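Letter by letter, the chains look like this.
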Amino acid sequence: MAVAATFPRLARMLALSRRHLVSPLLSTPSNRFYRGDSPTDSQKDMIEIPLPPWQERTDESIETKRARLLYESRKRGMLENCILLSLFAKEYLHHMTEKQLNLYDRLINEPSNDWDIYYWATEAKPAPEIFENEVMALLRDFAKNKNKEQRLRAPDLEYLFEKPH
């Protein structure tokens, strides 16, 4: 009660429904939130933190985009995606067209929850229509690990300096 009296604006913000949470920075409802959910989570204790909307970077060269995506594939919020996406990037990024790079950029940077990306790649959950494309198909195929490779850690950093095959 003392918090509501001392900080009425904070109290109003906390009282907002999680479905209608408004970013104080954007002053418009945001659809991007961090959710720590799993497929079996009841989400009764879910806390949503508004994130800025994802925007495609149109001002960078294709080499810069590849380098950024290689780095972002390796530095994720969870180890499973660090391993999966860094190995995927090592295998495919140098051969992707600019369109495919843009699709991959959106895939790894627009969703606010790394678990979503992992569940979509491993087909534990269906991906939203916007992410159903050739890059998602490549990632799903890669995640199946048909060659039964040991994928216990992210690749050594030396691959960042190798010439594409």
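See the structure above.
Residues numbered from 1 in each chain as written. Predicted model: local features only at pLDDT ≥ 70, side-chain atom pairs only at ≥ 80, totals over all residues. Heavy atoms only, no water.

**Observations concerning the packing of helix 4 (residues 79-92) against helix 7 (residues 134-143)**
The condition is simple: What counts as an axis is a line fitted to C-alpha atoms, over the stretch in contact for a helix, and the angles between N-to-C directions run from 0 to 180 degrees. Strands are runs of DSSP state E lasting at least two residues, helices are runs of H or I lasting at least four, and both sets are numbered from the N terminus onward. Angle categories are assigned with fixed cut-offs, so that under 35 degrees is roughly parallel, over 145 is roughly antiparallel, 65 to 115 is roughly perpendicular, and the rest are oblique. We call a crossing left-handed when the near helix sits turned anticlockwise from the far one by less than a right angle, and right-handed when that turn is clockwise. By definition, residues are in contact when any of their heavy atoms lie within 4.5 Å. Each residue gets one label: Ala, Val, Leu, Ile, Met, Phe, Trp, Tyr, Cys and Pro are nonpolar, Asp, Glu, Lys and Arg are charged, and the others, such as Gly, are polar.
Taken N-terminus to C-terminus, the directions of helix 4 and helix 7 make an angle of 110°; their axes are 11 Å apart at the nearest point. When the axis of helix 4 is compared with that of helix 7, the two are roughly perpendicular. Handedness of the crossing formed by helix 4 with helix 7: right-handed. Within the contact between the two elements, helix 4 uses L84, L85, L87, F88, E91 and Y92 and helix 7 uses V135, L138, L139, F142 and A143. Within the contact of helix 4 with helix 7, the residues separate by chemical class into ten nonpolar, no polar and one charged.

**Details of unusual backbone geometry**
Our working rule: Burial classes: relative accessible area under 20% of the type maximum marks a residue as buried, over 50% as exposed, and values in between as partly exposed (1.4 Å probe, protein chains only).
The phi dihedral of E123 falls on the positive side, at around 65°, and the residue is not glycine. Relative to the elements of secondary structure, E123 occurs in the loop between helix 6 (114-121) and helix 7. For E123, a relative accessible area of 44% gives the class partly exposed.

**Some details on the packing of aromatic side chains**
Where we set the bar: Side-chain rings of Phe, Tyr and Trp, where Trp is taken by its six-membered ring, are said to pair if the distance between their centres is within 6.5 Å; with planes under 30 degrees apart they count as stacked, over 60 as edge-to-face, and otherwise as tilted.
The final tally for this structure, using the stated rule, is eight aromatic pairs. Here the aromatic rings of W115 and Y118 are separated by 5.7 Å at their centres, their planes lie at 90°, and the arrangement is edge-to-face. Note that W115 and Y118 are positioned in helix 6 at a spacing of three residues, about one turn of the helix. Taken together, F88, Y92, Y104 and F142 form an aromatic cluster joined through their ring pairs.

**Points about helix 6**
What counts is decided by this rule: Pairs of N or O atoms within 3.5 Å make up the polar contacts considered here, provided that, within protein, one atom can donate a hydrogen while the other can accept it, and that residues adjacent in sequence are counted only when both atoms are side-chain atoms.
Among the eight residues of helix 6, six are classified as buried, and the element is accordingly described as predominantly covered. Taken together, the buried positions of helix 6 are D114, D116, I117, Y119, W120 and A121. Its buried side turned inward, helix 6 meets helix 4, helix 5 (98-109) and helix 7. Between the side-chain oxygen of the N-cap and the backbone nitrogen of W115 there are 2.9 Å, and the N-cap of helix 6 in question is N113. E123 occupies a position one or two residues after helix 6 and carries a positive phi of about 65°.

**Some words on the pattern of salt bridges**
This is how it is decided: Each reported salt bridge corresponds to a side-chain nitrogen of Lys or Arg within 4 Å of a carboxyl oxygen of Asp or Glu.
Applying the stated criterion across every chain yields a total of ten salt bridges. E60 is the salt-bridge partner of K65, the closest N and O atoms lying 3.7 Å from each other. Overall, the relative accessible area of 16% leaves E60 in the buried class. Two residues, K99 and E134, come together in a salt bridge whose shortest N-O distance is 3.3 Å. You can see K99 sitting in helix 5 and its partner E134 sitting in helix 7, a full 35 residues away along the chain. For E134, a relative accessible area of 36% puts it in the partly exposed group. Here the residues in one salt-bridge network are E60, K65, R68, E72 and D105, joined through shared partners.

**Let's talk about the nonpolar core**
What counts is decided by this rule: The criterion is simple. A nonpolar core is a set of buried Ala, Val, Leu, Ile, Met, Phe, Trp, Tyr and Cys residues joined through side-chain atoms within 4.5 Å.
Residues L93, M96, Y104, L107, W120 and L139 are the most contacted members of the largest nonpolar core, which totals 23 residues. Put simply, the parts of the chain that give this core at least two residues each are helix 3 (62-74), helix 4, helix 5, helix 6 and helix 7. With six residues, helix 4 is the largest single contributor of residues to this core. Those residues in contact with L107 that sit more than four places away from it in its chain are I117, W120, F131, V135, M136 and L139.

**Brief notes about the side chain of S73**
The topology assignment puts S73 in helix 3. In this structure the side chain of S73 is engaged in a polar contact, spanning 2.7 Å, whose partner is the backbone oxygen of L69. Side chain to side chain, S73 and Y104 meet in a polar contact 2.6 Å long. Setting aside its immediate chain neighbours within four residues, S73 contacts N81, C82, L85, S86, A89, Y104 and I108.

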